[in-house]
Amino acid sequence: MTFSNIDLSRELVQAVRDAIDIVDIASEHTRLEKKGRDHQGVCPLHKEKTPSFHVDADRGLFYCFGCGAGGDAIKLHMLTSGDDFPAAIESLALRYGIPVRERRKRRPDEPDPERALAAAAEYFVEQLGRHDVPQRYLEERKVSPELAETYGIGYAPDSWRALLETLAKRVPQRDLEAAGLVRRSKQGKLYDHFRNRLVFPIHNPSGRLVGFGGRTLGDDRAKYVNTAETERFHKSELLYGLFQARRDIRDGHRAVLVEGYFDVIGAAAAGVVGAVATMGTALTPEQSKLLGRYAEEVVVAYDGDDAGERAHQRALPILLGEGMAVYRARFPDGHDPDSLRLAEGNAAVVKAVGDAGDSVLAEIRRLTPAEARSQPQRQAQAASDLAGLLGGIPDAVLRFSYARRAAESLDLPPELLLRKIPGEQRGGGGGGPGRPGRGGPNAPPPPGPPDHGAPPPGMEPAAAPRSEVRSLEERTLEILLSGGELPPPRALPPAEVFHDPQCRNIYRVFCALYGERGADRPPDAKMVLAELGEEGATIDRMARLLVGSEGAAQGPALSDTLDRLTRRWLNERSRALSREIAEAQRDGDEPRLERLLQEKNELSHRLHRGA
Ligand code: UTP
Ligand code: MN
């Protein structure tokens, strides 16, 4: 799933590549020091004390000798922000002021809600500055002006046409209408949708403004209203506060899921980071998936009443399905995080979130009262309910571990409960078809260095030696990509001379570009990287090759390494041919034998000529 609606043209991606500066991006996450031709620092992608994170500014690459992650600036942005590729391009374009186009072209007569939203956001903030009522309200609810600014909180005046008349000069009416900022009465008269409300701007995870929520400051029947659902603003696919919290969530591996706008603000005010809210609806799978891109753990901090508990029970399987660990913070009856803060202070909220208990264990306790052990019908029902819940956990070990506890509580042998879990029957541990999760427990490990980011905490890999031995293939690529003297494109050997799939991939892309551009304009590393696009493992590999390399300056000449690779390949082919020839002789397959002998003949000519 991608959360972006922009046109990811080659030009846009290239413009982002041209604008982005890797030292800039890296410096946001770690302190870099210039050492030789590299910048070095403590790796922002895994926990370490001594710096093994290298940035090669000239080539626009990073590589960590500790955790093996590497790539270009876009990849680094993706790993540190959690953005997927389209979202990364969108947010970087936004950041560097590069204009983007909608994926679906807007017809000239179609309204453009985007412009209206931006103008309104500015207007609401300005109005907050001019009105005492909302300022006093924020003061009473202990929201500091700084926090209000961080979240862009504004105010819609108590008037039917204030926004309409102020913005009409700059923004076409139909755009205001399309954005849901202005509505039309039965008589056809336009009026402001938000009146006498505190207004919360809502962003998508890339930071694009997509809509508003407004809380009444009067006695309006609707405590909260939102802007209209548009292409960009689907409440069920957005989480309020995620844009502001995503870095904290990623760094701390934890999100705090709350029910309302003010809970997000209140949690932040209390010093609880990572709070995000659904907007008046139950948690959806889309929202859970979105959260799963940033968080490993979720603390559900819903209201401390029955409705809050039921909402927690409904959210639990959805969150577990994304592979997140789920905890439940308990609030005194009738309190939500924000009201608890006002009643008992910041520390009470911090404590409630810190003391959150494992939600699955809590569900096991809830579903296994004494009757569930003493009454067969109740026991079978509880076993089914628990098997259903546990079946949605993608990690097999975790599933088993909970199942063992559940079986204990039910006074059943674990095998009996496990047998009820879908996908667990056939020898167990499997993870049935269609089981959700991030790659799932059975996904094959990625080839080469890890494709994505940091290892889980406490599993820091052994550091690779700084001056590792490079293979012949790696050395060849290193020289090829360092801009030295090259043979003409057609004199380069075929890609088959490389065994390593990633090296072969890099070489293939290099040759294709070289062939296109011609002998006097060989491609550089950046062009090859751009062409590799999203091939994570190959990009890691390329970064490992190039960051900190001396290039063509030392070591063997290119002609030498290419020659050795070609000979290796010819020798292999020659051995394979001998085997095939023996086979053809045994089978008495004359035509095949003839073909093979001829090929072998040609091969040995090439080998003795010196390829
Ligand atoms: P609550 O009714 O729990 O309000 O709604 P709250 O967040 O505690 O608000 P305060 O503290 O009284 O200001 C929780 C969320 O449900 C949505 C809003 O997103 C709200 O933040 N909601 C609520 C609506 O969309 N419409 C409503 O009329 C009420
Ligand atoms: Mn509240």
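Residues numbered from 1 in each chain as written. Chains lettered and ligands numbered in written order. Predicted model: local features only at pLDDT ≥ 70, side-chain atom pairs only at ≥ 80, totals over all residues. Heavy atoms only, no water.

1. What to know about the overall build of the protein chain
Moving on, step 1. Helix and strand content of the protein chain: 26 helices and 16 strands.
Moving on, step 2. Of all 611 residues assigned to the protein chain, the portion counted as buried reaches 49%.
Moving on, step 3. Taking the intrachain contacts of the protein chain between residues at least 6 apart in sequence as the baseline, contacts between residues at least 24 apart amount to 67%. (Helix = DSSP H or I, 4+ residues; strand = E, 2+ residues; numbered from the N terminus. Buried < 20%, exposed > 50% of the residue type's maximum accessible area, 1.4 Å probe, protein only. Contact = heavy atoms within 4.5 Å.)

2. Quick notes on helix α22 (residues 501-517)
Moving on, step 1. End to end, α22 covers 24 Å across 17 residues, agreeing with the expected 24 Å (1.5 Å per residue, within 8%).
Moving on, step 2. Inspection of α22 places Q502, C503, N505, I506, Y507, V509, F510, L513 and Y514 among the buried residues, and these make up the whole buried set.
Moving on, step 3. The distance from a side-chain oxygen at the start of α22 to the backbone nitrogen of Q502 is 2.8 Å, and the residue carrying that oxygen is D500. (Expected span 1.5 Å × (residues − 1). Polar contact = N/O pair within 3.5 Å; in protein donor to acceptor, adjacent residues only side chain to side chain.)

3. Describing the sheet that holds strand β11 (residues 224-226)
Moving on, step 1. Taken in spatial order, the four strands of this open sheet run β6-β9-β10-β11, and their pairing is antiparallel. Two strands lie at the open edges of the sheet, namely β6 (154-156) and β11, each paired on one side alone. The average undirected angle you get between the axes of adjacent strands in this sheet is 35°.
Moving on, step 2. Here helix α11 (residues 261-270) sits on the sheet in contact with β9 (197-203), β10 (209-216) and β11, set at roughly 80° to β9. (Pairing = 2+ DSSP bridges. Axes fitted to C-alpha atoms, helices over the stretch in contact; angles between N-to-C directions.)

4. Topic: the pairing of β9
Moving on, step 1. Here β9 lies mainly inside the structure; seven of its seven residues are buried.
Moving on, step 2. Of the two faces of β9, the one holding R197, V199, P201 and H203 and the one holding L198, F200 and I202 are both buried throughout.
Moving on, step 3. In this structure, the hairpin formed by β9 and β10 is closed by a connection of five residues, where G207 is found at a positive phi of approximately 95°.

5. Notes on the site of ligand 1
Moving on, step 1. Taken together, the neighbourhood of ligand 1 is formed by R141, R215, K223, Y224, E259, G260, Y261, F262, M279, G280 and D336.
Moving on, step 2. Between R141 and ligand 1, the recorded distance is 2.7 Å, taken from a side-chain N or O atom to an oxygen atom.
Moving on, step 3. Here an oxygen atom of ligand 1 sits 2.8 Å away from a polar atom, N or O, in the side chain of K223.
Moving on, step 4. Compared with its free state, where it exposes 570 Å², ligand 1 has 75% of that area covered by protein.
Moving on, step 5. Of the pockets mapped on this structure, ligand 1 occupies the second largest pocket.
Moving on, step 6. In the shell around ligand 1, the residues fall into four nonpolar, two polar and five charged.
Moving on, step 7. Counting contributing residues per domain, the shell around ligand 1 is built from domain 2 (113-233) and domain 3 (242-356), each supplying no fewer than three. (Near = heavy atom within 4 Å. Areas by Shrake-Rupley, 256 points an atom, 1.4 Å probe, with all protein chains shown as cover. 1 Å grid on protein atoms, 1.4 Å probe; cavity = no way out; pocket = protein on both sides within 12 Å on 5 of 7 lines; lining within 4 Å. Sits in = over half its atoms within 2 Å of the grid points. Nonpolar A, V, L, I, M, F, W, Y, C, P; charged D, E, K, R; others polar. Domains from an automatic or database assignment.)

6. Remarks on the nonpolar core
Moving on, step 1. Residues L477, I506, F510, V528 and M542 are the most contacted members of the largest nonpolar core, which totals 42 residues.
Moving on, step 2. With eight residues, helix α25 (residues 558-587) is the single largest residue contributor to this core.
Moving on, step 3. Sequence-distant contacts of L477, that is, excluding residues within four places in its chain, are made with F498, C503, I506, Y507 and L545.
Moving on, step 4. Among the nonpolar cores identified, the runner-up in size contains 41 residues, and L283, A383, L389 and I393 belong to it. (Core = buried A, V, L, I, M, F, W, Y, C linked by side-chain atoms within 4.5 Å.)

7. Some thoughts on the confidence of the model for the protein chain
Moving on, step 1. Overall, the predicted model of the protein chain reaches an average pLDDT of 86, with 89% of residues at or above 70.
Moving on, step 2. Considering only residues more than four positions removed or in separate chains, one finds that residues 426-467, a stretch of pLDDT under 50, has 74 contacts. (pLDDT = per-residue confidence, 0-100.)

8. A look at the environment of A19
Moving on, step 1. Residue placement: A19 occurs in helix α1 (residues 10-19).
Moving on, step 2. Along the backbone, A19 and L92 are 73 residues apart, and their C-alpha atoms lie at a distance of 8.9 Å.
Moving on, step 3. Not counting residues within four places of it along the chain, the set of residues in contact with A19 comprises Y96 and I98.

9. Let's talk about the sheet that holds strand β13 (residues 275-277)
Moving on, step 1. The strand order β13-β12-β14-β15-β16 describes an open sheet built from five strands, whose pairing is mixed. Strands at the two margins of the open sheet, each flanked by one partner only, are β13 and β16 (357-358).
Moving on, step 2. Of the strand pairs in this sheet, strand β12 (residues 254-258) and β13 are connected by three bridges, and their pairing is parallel. Across the sheet, residue V258 finds its bridge partner in β13, namely A277.

10. A few points about the pattern of salt bridges
Moving on, step 1. With the rule as written, the count across this model stands at 35 salt bridges.
Moving on, step 2. R567 is paired through a salt bridge with D563; the nearest N and O atoms lie 3.8 Å apart. On the criterion of helical spacing, the pair formed by R567 and D563 is a turn pair, its members being four residues apart in helix α25.
Moving on, step 3. You can call R567 partly exposed: its relative accessible area is 29%.
Moving on, step 4. Between E599 and R573 there is a salt bridge, and its shortest N-O distance comes to 3.1 Å. Taken together, the positions of E599 in helix α26 (residues 590-609) and R573 in helix α25 put the pair 26 residues apart, joining distant regions of the chain.
Moving on, step 5. A relative accessible area of 27% means that R573 is categorised as partly exposed.
Moving on, step 6. Here the salt bridges do not stand alone but share partners, grouping R573, E580, E583, R592 and E599 into one network. (Salt bridge = Lys/Arg side-chain N within 4 Å of Asp/Glu carboxyl O.)

11. What about the packing of aromatic side chains?
The description of an aromatic ring pair rests on the distance of the ring centres and on the angle between the ring planes.
Moving on, step 1. Taken as a whole and judged by the stated rule, the model has 16 aromatic pairs.
Moving on, step 2. Measuring from centroid to centroid gives 5.2 Å for F124 and F212, while their planes differ by 90°, and the two rings are edge-to-face. With F124 in helix α5 (residues 113-130) and F212 in strand β10, the pair connects residues that are 88 residues apart, well separated along the chain. When sorted by exposure, F124 lands in the same class as F212, which is buried.
Moving on, step 3. Ring centres of F498 and Y507 lie 4.5 Å apart, and the angle between their planes is 35°; on these two criteria the pair is classed as tilted.
Moving on, step 4. In this structure Y507 comes out as buried when scored by relative accessible area, which is 0%.
Moving on, step 5. Taken together through their ring pairs, the aromatic side chains of Y137, Y151, F200, Y224, Y240, Y261 and F262 make up a single cluster.
Moving on, step 6. Geometry around F262 places R141 over its ring, the cationic atom sitting 3.5 Å from the centre.
Moving on, step 7. One Lys or Arg, R195, reaches over the ring of W160 and ends 4.0 Å from the middle of that ring. (Phe/Tyr/Trp six-rings, centres within 6.5 Å; stacked < 30°, edge-to-face > 60°. Lys NZ or Arg CZ within 6 Å of the ring centre and 35° of its normal.)

12. A few points about the side chain of R208
Moving on, step 1. With respect to the helices and strands, the residue R208 is situated in the loop between β9 and β10.
Moving on, step 2. At 2.4 Å, the side chain of R208 and the side chain of E90 are in polar contact.
Moving on, step 3. Those residues in contact with R208, other than ones at most four positions away along the chain, are E90, L94, V100, E114, I202, H203 and R232.

13. Focus on the layout of surface pockets
The rolling of a water-molecule-sized probe over the atoms marks out the regions of remaining empty space.
Moving on, step 1. Within this model, the second largest pocket holds a volume of roughly 530 Å³.
Moving on, step 2. Residue lining of the second largest pocket: 25 residues in total, with E259, G260, D263, T278 and G280 positioned closest to the centre.
Moving on, step 3. Looking at the lining of the second largest pocket, the elements with two or more residues in it are β11, α11 and α13 (306-320). (Points joined across faces, edges and corners; volume = space filled by probe spheres on them.)

14. With respect to the packing of helix α21 (residues 472-480) against helix α24 (residues 536-546)
Helix packing geometry: the angle between the two helix axes and the distance between the axes.
Moving on, step 1. For the pair α21 and α24, the least separation of the axes is 10 Å and the interaxial angle reads 75°. As summarised for this structure, α21 and α24 are arranged roughly perpendicular, according to the angle between their axes. Taken together, the residues of α24 that come into contact with α21 (itself represented by E474, L477 and E478) are R541, R544, L545 and L546.
Moving on, step 2. By residue class, the composition of the contact of α21 with α24 is three nonpolar, no polar and four charged. (Parallel < 35°, antiparallel > 145°, perpendicular 65-115°, else oblique.)

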